[in-house]
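Reading the structure
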Amino acid sequence: MVEIPCGTVTFVFTDIEGSTRLWQESPEAMKVALELHDVLLRKTIEQYGGYVFKTVGDASNACITASDALEAIPSFSRIGNSALSLPLTAP
């Protein structure tokens, strides 16, 4: 079980920009992209001692200790880049 961070924490809020349009245009590809996004986000948050406390659709809310937050930023950027690199349209 993951421990909830305490003390001074940083809140992390994610949302996939343009997701409504992407779901309409490529629902199967978005399903794969969202699954990848969620797995990578959860693993990254937990790697830095954080806790995902809410997920709704393509939005996630988490907290991470403030001391780990700056170190984690490059990993969060890679999550977005990984999801964006998937082909979201049919060939």
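Residues numbered from 1 in each chain as written. Predicted model: local features only at pLDDT ≥ 70, side-chain atom pairs only at ≥ 80, totals over all residues. Heavy atoms only, no water.

1. Structural notes on the pairing of strand S3 (residues 59-65)
- When you tally the buried positions in S3, you get six out of seven residues, the bulk of the element.
- As paired elements, strand S1 (residues 9-14) and S3 share six bridges and run antiparallel to each other. Residue pairing across strands places threonine 14 opposite serine 60, the latter belonging to S3.
- As paired elements, strand S2 (residues 51-56) and S3 share five bridges and run antiparallel to each other. Along S3, the bridge assignment pairs lysine 54 with asparagine 61.
- Between S2 and the antiparallel strand that follows it, S3, lie two residues; glycine 57 among them carries a positive phi value of about 60°. (Buried < 20%, exposed > 50% of the residue type's maximum accessible area, 1.4 Å probe, protein only. Helix = DSSP H or I, 4+ residues; strand = E, 2+ residues; numbered from the N terminus. Pairing = 2+ DSSP bridges.)

2. With respect to the side chain of threonine 14
- By the element assignment, threonine 14 lies in strand S1.
- Here threonine 14 falls in the buried class, since its relative accessible area comes to 17%.
- Every residue in contact with threonine 14, bar those within four places of it in the chain, is listed here: His37, Leu41, Asp58, Ala59 and Ser60. (Contact = heavy atoms within 4.5 Å.)

3. Considerations on the side chain of threonine 44
- Mapping threonine 44 onto the fold places it in helix H2 (residues 27-47).
- With relative accessibility at 9%, the residue threonine 44 sits in the buried group.
- Ignoring any residue separated from it by four or fewer positions in sequence, one finds threonine 44 in contact with Ser75, Phe76 and Ile79.

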